[in-house]
Amino acid sequence: MSARRKDRAEENNGFSEEEQERRSAEDQATSSSSSATSNPEEPIIQNIPESVDDFLRNFLRRLGLTRTLSNFEVEWYSSTQTSSSFFIPDALTHRQVLQKELDTVHRDTKLLQKEVLEAAQSLVRMQRERDFHRMQHQRVSEQKNSIIKDYKQLQEHLENYEVALKQLEEKNQAALRTKTLLGLQRERAQNLPESRLNQEKPKEKPAKKPSTQSFSRQPKIYRLQNPQLAPGKTNFQLSCSIRAHHLPISCIALHPSKLVLASASDDRTWKLWHLPQSGEKVGQMLLRGEGHSDWLSGCSFHPDGSKLATTSGDMTVRLWDFSLGRCVLTLTGHSQPTWGCSFHSCRHLLASCSADRTAKLWDVNSRCCRLTLRRHTASVNSITFLPSSDLLLTCSVDKTLIMWDARLGAGTATFCGHQHPCNHASFSPATHAVASCDSRGVINLWDTRKPASPTAAVDTGPQGANQVAFNQSGKLLAVASSDGLVRLVEVDACSVSSLTGHRKSVQSVTFDHEGGALMSAGSDGEINVWF
């Protein structure tokens, strides 16, 4: 501003007095207007104009156009007073500003074009996916409709075949029963000449008067067919496994004269199996029976092999006839679950034991209880007849074994020596030995003539031993252990070996008629055959 005033002073020196007065008046008016427009309360932001006025002023001065210059200044300052926002921009600066805005617009346009292209590609891709999923949905819908249609057709076929399947199953069961009955009849026919010879021999010598007692004094004696094989058979290998039941098997029993095995299970059923011979891998199921309302705990064959007795947690003892394929007798009298049963060699007497601390003797012909044996102070876990004798052996949770005279119903000897509950006891078929096992895996060997103390003891613990069984020679003892092993004990040397094949605890073991094969069953529902 000071430079402008100096320029104006120099210019006024060349003007007349009238012009100077007019210019001074204009300057005062300009200053008064600027002072009037400036409000201290409202600060004014002045736009500093470009140097266009100075350029024109210098240009007119150089040309000597003083009057034009004065008129320009009057009009210039008057326009400044009337319009405070008067601004003459510079063309170059304005162009630069516009160029920047244009560049910004171009960048935004490119970005928008790029986004539009991406959106278009995404739209095309989504349309393709939509078409693909629509086609997939149609295909799946068609498959679903076809499957529903096939399912309905299969249901109709199944309804039509159910009657036929029931008839075929009945025919199959009838054929199996007929097959078993024919086998029994054939066996009886083969043994008929021997019975005739036995009937002809008493004619040479006067026969004794038959006894009126219910027990036979001299029952049939079962002898070894080949006694030289059994003592030497001490090494067994797993031959095959039969998936017999879906639930644990509690007991197995061997047919008196055939390679037929009965199994009793927690699934409330019993089954008959034709055992595979050496080299065979498959066992065939012959019969299946169900009727108990609770788990089965034991089973025992009738001496002639035509019937099977079973015990159960429903506190009953049932007798099943193979030829009829059904239960022919139900014995009730125990107040707790029954644990085991055993037939007498006279064929019409059956013994059972129960958790009610008693053992009962049943007459199968009269269907009544003949005797109730009470001497144990806890659950009676097993019961068995001595072959070819009226002696009966029981073991109990009270850690004792008792040998009974079945004719009198009195105990003849008590075996004390176990420190834990007894699970099972068994007679030797060829010697006077008795074997018993307890819940800690201790095996005691006894002599029936000297019951005071065990003759030997073998510890197979700490897991419990569930069952013991002698081979036909009485030289080898099989033990079913809770640790999943089948242990073999040589009676004379008391040496122990183990057989591995079960995945869970072993519940029952038995030898075949010659001692050349061993069968075991356990909680895994499988029957293992060892040769």
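As the structure is a prediction and not an experimental result, all values here were calculated from the model. (Residues numbered from 1 in each chain as written. Predicted model: local features only at pLDDT ≥ 70, side-chain atom pairs only at ≥ 80, totals over all residues. Heavy atoms only, no water.)

**Here's the deal with the pairing of strand β13 (residues 368–374)**
Point 1. Sheet topology note: the strand β12 (residues 358–363)/β13 ladder contains 6 bridges and is antiparallel. Bridging across to β13, Asp 363 finds its partner in Cys 368.
Point 2. Count of turn residues in the β12/β13 antiparallel hairpin: 4 residues, of which Arg 367 carries a positive phi of about 60 degrees. (Pairing = 2+ DSSP bridges. Helix = DSSP H or I, 4+ residues; strand = E, 2+ residues; numbered from the N terminus.)

**Structural notes on the sheet that holds strand β27 (residues 518–522)**
Point 1. Spatially, 4 strands are ordered β1-β28-β27-β26 in an open sheet, and the strand pairing comes out antiparallel. In the strand order of this sheet, the two ends are held by β1 (238–243) and β26 (506–511), each with one partner. Taking each pair of neighbouring strands and ignoring which way they run, the sheet shows an average axis angle of 20 degrees.
Point 2. Note that β1 and strand β28 (residues 526–530) share 5 bridges and pair antiparallel. Looking at the pairing, Ile 242 lines up with Ile 527 of β28. (Axes fitted to C-alpha atoms, helices over the stretch in contact; angles between N-to-C directions.)

**Observations concerning the nonpolar core**
Point 1. In terms of nonpolar packing, the biggest core is built from 16 residues, with Trp 270, Leu 272, Cys 299, Phe 301, Leu 308 and Phe 322 touching the most fellow members.
Point 2. Listed by contribution, the elements that provide at least two residues to this core are β2 (249–254), β3 (260–265), β4 (269–274), β5 (284–290) and β6 (296–301).
Point 3. Once you skip the residues sitting within four places of it in the chain, Cys 299 turns out to touch Cys 251, Ile 252, Ala 253, Ala 262, Ala 264, Leu 308, Ala 309, Thr 310 and Cys 341. (Core = buried A, V, L, I, M, F, W, Y, C linked by side-chain atoms within 4.5 Å. Buried < 20%, exposed > 50% of the residue type's maximum accessible area, 1.4 Å probe, protein only. Contact = heavy atoms within 4.5 Å.)

**Side note on the packing of aromatic side chains**
Point 1. Counted under the stated rule, the structure contains 8 aromatic pairs.
Point 2. Measuring from ring centre to ring centre gives 6.0 Å for Trp 270 and Phe 322, while their planes differ by 50 degrees; the resulting arrangement is tilted. A residue pair is termed long-range when its members are at least 10 positions apart, and Trp 270 in strand β4 and Phe 322 in the loop between β8 (316–321) and β9 (326–332) qualify at 52 residues. Residue Trp 270 shares its accessibility class with Phe 322, and that shared class is buried.
Point 3. Taken together, the aromatic side chains of Trp 270, Phe 301, Trp 320 and Phe 322 make up a single cluster linked through ring pairs. (Phe/Tyr/Trp six-rings, centres within 6.5 Å; stacked < 30°, edge-to-face > 60°.)

**Structural notes on helix α3 (residues 52–63)**
Point 1. A rise of 1.5 Å per residue sets the reference length of α3, with its 12 residues, at 16 Å; its end C-alpha atoms lie 17 Å apart and thus fit the reference within 8%.
Point 2. By the burial criterion, the buried members of α3 are Asp 53, Arg 57 and Leu 60. Seen from one end, α3 has its buried residues packed into an arc of 70 degrees, which puts them on one side. For α3, exposure combined with an orientation more than 90 degrees from the buried face picks out Phe 55, Arg 62 and Leu 63.
Point 3. Remark: Gly 64 follows α3 within two positions and exhibits a positive phi of approximately 80 degrees. (Expected span 1.5 Å × (residues − 1). Arc of directions from axis to C-beta.)

**Topic: the environment of Ser 473**
Point 1. Summarising the element assignment, Ser 473 is placed in the loop between β22 (465–470) and β23 (476–481).
Point 2. When the C-alpha atoms of Ser 473 and Glu 514 are compared, they prove to be 8.6 Å apart, with 41 residues separating the residues in sequence.
Point 3. In this structure the side chain of Ser 473 is engaged in a polar contact, spanning 3.3 Å, whose partner is the backbone nitrogen of Lys 475. (Polar contact = N/O pair within 3.5 Å; in protein donor to acceptor, adjacent residues only side chain to side chain.)

**Comments concerning the UniProt feature "repeat: WD" (unreviewed entry) in the protein**
Point 1. Following the UniProt record, one finds the feature "repeat: WD" (unreviewed entry) at residues 242–275, 289–330, 331–366, 373–414 and 499–531.
Point 2. Across residues 499–531, helical content stands at 0% and strand content at 55%; the span's end C-alpha atoms are separated by 11 Å. (UniProt positions renumbered as here; feature names shortened; annotations may be inferred.)

**Notes on a nonpolar patch on the surface**
Point 1. Judged by side-chain polarity, Val 52, Phe 55, Leu 56, Phe 59, Leu 63 and Leu 65 come together as a nonpolar surface patch covering roughly 520 Å² of accessible area.
Point 2. By secondary structure assignment, the location of Leu 65 is in the loop between α3 and α4 (66–82). (Patch = residues over 30% accessible without salt bridge, like charges linked within 9 Å, V, L, I, M, F, W, Y side chains within 5 Å. Areas by Shrake-Rupley, 256 points an atom, 1.4 Å probe, with all protein chains shown as cover. Salt bridge = Lys/Arg side-chain N within 4 Å of Asp/Glu carboxyl O.)

**Some details on the UniProt feature "coiled-coil region" (unreviewed entry) in the protein**
Point 1. The feature "coiled-coil region" (unreviewed entry), as annotated in UniProt, sits at residues 144–178 in this numbering.
Point 2. A helix fraction of 100% and a strand fraction of 0% characterise residues 144–178, whose end C-alpha atoms lie 48 Å from each other.

**With respect to unusual backbone geometry**
Point 1. Look at the link from Gly 461 to Pro 462: it is a cis peptide, with omega at 10 degrees.
Point 2. Secondary-structure assignment places Pro 462 in the loop between β21 (456–459) and β22.

**Side note on the confidence of the model for the protein**
Point 1. Of all residues in the protein, 80% attain a pLDDT of 70 or more, and the chain-wide mean is 83.
Point 2. The low-confidence segment residues 200–232 (pLDDT under 50) makes 30 contacts with residues lying over four places distant or belonging to another chain. (pLDDT = per-residue confidence, 0-100.)

**Structural notes on the sheet that holds β2**
Point 1. With antiparallel pairing, the 4 strands of this open sheet are ordered in space as β2-β3-β4-β5. Here the strands that pair on one side only, and so sit at the sheet edges, are β2 and β5. Across this sheet, the average inter-strand angle for adjacent strands is 20 degrees, counted without regard to direction.
Point 2. Where β2 meets β3, 5 bridges bridge the pair, whose relative direction is antiparallel.

**Brief notes about the environment of Cys 416**
Point 1. Locating Cys 416 in the fold gives a position in strand β17 (residues 410–416).
Point 2. Sequence separation of Cys 416 and Ser 453 is 37 residues, and the distance between their C-alpha atoms is 6.8 Å.
Point 3. Contacts of Cys 416, omitting those with residues within four sequence positions, involve Thr 400, Trp 446, Ala 452 and Pro 454.

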